[in-house]
Amino acid sequence: QVQLVESGGGLVQAGGSLRLSCAASGRTFSSYRMAWFRQALGKEREYVTSISRSGSMTYYGDSVKGRFTISRDNTKNTVYLQMNSLKPEDTAVYYCAAGRNFGSLERDYDYWGQGTQVTVSS
C-alpha cells in the first residue's frame, strides 16, 4: 500500500514554470512506476507523463513533450513534475499515480493522490 500526496500547484502566467511534487508513504516506492495525469474542467482524465522504477526511462504525452519533465528521487519517496512554458490549456487538476504495470491508462495505476490545482492565466 502506498499513499500519495501532491503539492506545488498554483496560479502562473502563460509561459511561466511550476514544479509539482508527489510524496509517497511507505518503503516500497521504488517498486512502482509513477505517473502524472491531469483533468481539466469538464474533460476526461488525461495521461501526462510517467517514469520507470529506477527513473531511467520517461514517457510523455504529445501535449507536453518538450515542456514538462518528470523525475523521481527514490531516497525521498518523491516524484516531481517540472512544468515549463505553461499554456492556458495546461490548466487542470494534476494527479500523481503509482502502478506496477507499464501503461498510459488509468487502469494501469493502483494508487492515486488527491490532486493539486494548476491554473495558467493568459
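The coordinates are above.
Predicted model, so just to flag it, every value in this text is computed and none were measured. (Residues numbered from 1 in each chain as written. Predicted model: local features only at pLDDT ≥ 70, side-chain atom pairs only at ≥ 80, totals over all residues. Heavy atoms only, no water.)

Asks: Tell me what's going on with the pattern of salt bridges, and back it up with residues and numbers.
Replies: Pairing between side chains of opposite charge can happen when the charged atoms of each approach one another. Going through the model one piece at a time under the given rule, you end up with four salt bridges. A salt bridge links Arg38 to Asp90, with the shortest nitrogen-to-oxygen separation between them at 2.9 Å. Within this pair, whereas Arg38 is found in strand 4 (residues 33-39), its partner Asp90 is found in the loop between strand 8 (78-83) and strand 9 (92-99), the two being separated by 52 residues in sequence. Of the two residues, Arg38 and Asp90, both sit in the buried class. Ionic pairing is found between Arg67 and Asp90, a salt bridge with its closest N-O pair at 2.7 Å. Taken together, the positions of Arg67 in the loop between strand 6 (58-60) and strand 7 (68-73) and Asp90 in the loop between strand 8 and strand 9 put the pair 23 residues apart, joining distant regions of the chain. (Salt bridge = Lys/Arg side-chain N within 4 Å of Asp/Glu carboxyl O. Helix = DSSP H or I, 4+ residues; strand = E, 2+ residues; numbered from the N terminus. Buried < 20%, exposed > 50% of the residue type's maximum accessible area, 1.4 Å probe, protein only.)

Asks: Before we move on, could you go through the sheet that holds strand 8 and cite the residues and values that matter?
Replies: The strand order across the open sheet formed by four strands is 1-3-8-7, and the pairing between neighbours is antiparallel. Either end of the sheet is taken by a strand with one partner, and the two such strands are strand 1 (4-7) and strand 7. Each neighbouring strand pair of the sheet contributes to a mean axis angle of 15°, computed without reference to strand direction. Looking at chain direction, strand 1 and strand 3 (residues 18-24) are connected through four bridges and run antiparallel. (Pairing = 2+ DSSP bridges. Axes fitted to C-alpha atoms, helices over the stretch in contact; angles between N-to-C directions.)

Asks: Please give an account of the nonpolar core that cites residues and values.
Replies: In this structure, Leu4, Met34, Trp36, Val79, Met83 and Tyr94 are the most contacted members of the largest nonpolar core, which totals 27 residues. Sorting the residues of this core by element identifies strand 3, strand 4, strand 5 (46-51), strand 7, strand 8, strand 9 and strand 11 (116-121) as the ones contributing at least two each. Ranked by size, the runner-up nonpolar core spans five residues in total, among them Ala35, Tyr47, Ala97 and Tyr109. (Core = buried A, V, L, I, M, F, W, Y, C linked by side-chain atoms within 4.5 Å.)

Asks: A description of the environment of Phe102 should follow, citing residues and the corresponding values.
Replies: Position of Phe102 relative to the elements: it lies in the loop between strand 9 and strand 10 (111-112). Residue classification places Phe102 among the exposed positions, given a relative accessible area of 58%. A C-alpha to C-alpha distance of 12 Å links Phe102 and Thr49, two positions 53 residues apart in sequence. In contact with Phe102, not counting residues within four places along its chain, are Arg33 and Asp108. (Contact = heavy atoms within 4.5 Å.)

Asks: Lay out the pairing of strand 5 in plain terms, naming residues and giving numbers.
Replies: Burial runs high along strand 5: five of the six residues are buried. In terms of strand pairing, strand 4 meets strand 5 through five bridges, oriented antiparallel. Directly across from Trp36, in strand 5, lies its bridge partner Thr49. Remark: six residues form the turn of the hairpin made by strand 4 and strand 5, two consecutive strands paired antiparallel; Gly42 in that turn has positive phi of roughly 75°.

Purely geometric stuff here, so don't read any function into it on its own.
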